Amino acid sequence: MKITKKIKFKISADGSSASGKTTASKLIAKKFKMRFLSSGILYRFCALKTIENNNKYNEKLIKKIVKSITLKKLDNKKLYNPDVTRLSSIIAKKPFVRNALKSFQKNFIKKSGLVVVEGRDIGTKIMPDADLKLFFTCSIKEKAKRRLKEFKKLNSSINLKEVKKALKLRDFHDKNRKESPLLFTKGAVLVDTTKLNLTQMRVKLKNLVKKEINKKKYGSL
Ligand code: C5P
């Protein structure tokens, strides 16, 4: 199925940590030849630069960091270090961090006709006009198992209990903060990935996106 290049079609994919939203967004982007942006990686980048600045940050520095972001710089394994992960959800509470990154995201979206963006506040704050809003959920047990697998690949010695604890804490911060908390937005499609394998996820997402494109008569089967 082809979507004509001039057409604009925007998909938001929100959800808690390790709920499957990144995998899903990448699958959609590949299948429908859309641009993809992980907004989480932007918060991680600000956190990494803050750590490199002896954990000190203020509005001026964050603006400077955001200005320096390039897609190439976001391809960095260090962004997934546990200390970067932890700090990213702490700085994400600050309105000046969110505002600086909001401009970056809006700009990226404006320049992309077909785009899928994943995060926590995409359907609520960044792309409230998205053509399709997805909201991912998954049981904590399954999320922890998935994350542990990723850590093992990096030879990390972290155990399941620690992974579960860290995920729960981050989700708590993200759902309960004052600024742009993670919320299910009206009109979003709930995707529970707990019992879905990759093939099932691919089929489900393909059908969801196709249905929405057809509804808007943006493409043909
Ligand atoms: O999605 P990821 O785990 O990479 O995000 C890292 C952190 O960035 C999250 O825990 C969250 O605190 C923050 N974040 C956010 N809003 C987004 C995306 C990520 O607050 N749209």
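See the structure above.
Residues numbered from 1 in each chain as written. Predicted model: local features only at pLDDT ≥ 70, side-chain atom pairs only at ≥ 80, totals over all residues. Heavy atoms only, no water.

*Asks:* Explain the sheet that holds strand S5 (residues 132–137) to me, and be specific about the residues and the numbers.
*Replies:* Strand order in the open sheet formed by five strands is S3-S4-S2-S5-S6, and the pairing between neighbours is parallel. Only two strands of the sheet have a single partner each, and these edge strands are strand S3 (35–38) and strand S6 (189–192). When strand polarity is set aside, the average angle formed by the axes of neighbouring strands in this sheet is 20 degrees. Pairing of S3 with strand S4 (residues 114–119), which is carried by four bridges, proceeds in the parallel orientation. Pairing of Leu37 across the sheet is with Val117, part of S4. Lying over the sheet, helix H2 (residues 39–52) contacts S3 and S4, oriented at roughly 45 degrees with respect to S3. Helix H5 (residues 95–111) rests against strand S2 (9–15), S3 and S4 of the sheet, and its axis sits at about 170 degrees to S3. (Pairing = 2+ DSSP bridges. Helix = DSSP H or I, 4+ residues; strand = E, 2+ residues; numbered from the N terminus. Axes fitted to C-alpha atoms, helices over the stretch in contact; angles between N-to-C directions. Contact = heavy atoms within 4.5 Å.)

*Asks:* Account for the pattern of salt bridges, with residues named and values stated.
*Replies:* Enumeration according to the criterion identifies 11 salt bridges in this entry. Note that Lys143 and Asp171 form a salt bridge whose closest N and O atoms lie 2.6 Å from each other. Of this pair, Lys143 sits in helix H7 (residues 140–153) while Asp171 sits in helix H8 (residues 160–176), and the two are 28 residues apart along the sequence. Across the salt bridge formed by Lys215 and Glu212, the nearest N and O atoms sit 3.4 Å from each other. (Salt bridge = Lys/Arg side-chain N within 4 Å of Asp/Glu carboxyl O.)

*Asks:* Tell me about the environment of Lys186, and please be specific about residues and values.
*Replies:* Of note, Lys186 is situated in the loop between H8 and S6. The spatial distance from the C-alpha of Lys186 to the C-alpha of Lys175 is 16 Å, given a sequence separation of 11 residues.

*Asks:* Give me the lowdown on the packing of H2 against helix H4 (residues 82–91), citing residues and values where you can.
*Replies:* Interhelical geometry of H2 versus H4 gives an angle of 110 degrees and a closest axis separation of 8 Å. Taken as axis vectors, H2 and H4 run roughly perpendicular relative to one another. Judged by residue contacts, Tyr43, Arg44, Cys46, Ala47, Leu48, Thr50 and Ile51 of H2 engage Asp83, Val84, Thr85, Leu87, Ser88 and Ile91 from H4. (Parallel < 35°, antiparallel > 145°, perpendicular 65-115°, else oblique.)

*Asks:* Hey, could you go over the side chain of Thr85 for me, with residue numbers and the actual values?
*Replies:* With respect to the helices, strands and loops of the structure, Thr85 is situated in helix H4. Residue Thr85 is classed as buried on the basis of its relative accessible area of 14%. With residues near it in sequence (within four places) discarded, Thr85 still touches Arg44, Leu79, Tyr80 and Arg170. (Buried < 20%, exposed > 50% of the residue type's maximum accessible area, 1.4 Å probe, protein only.)

*Asks:* Just give me the short version of the site of the ligand, but keep the residues and values in it.
*Replies:* What surrounds the ligand is a group of 15 residues, the closest being Arg44, Arg98, Asp121, Arg170 and Asp174. The separation between an oxygen atom of the ligand and a polar side-chain atom of Asp174 is 2.6 Å. Within the complex, 96% of the 450 Å² of free accessible area of the ligand lies under protein. When residues of the shell around the ligand are traced back to their parent elements, those giving at least two are H2, H4 and H8. For the shell around the ligand, the residue count by class is two nonpolar, five polar and eight charged. (Near = heavy atom within 4 Å. Polar contact = N/O pair within 3.5 Å; in protein donor to acceptor, adjacent residues only side chain to side chain. Areas by Shrake-Rupley, 256 points an atom, 1.4 Å probe, with all protein chains shown as cover. Nonpolar A, V, L, I, M, F, W, Y, C, P; charged D, E, K, R; others polar.)

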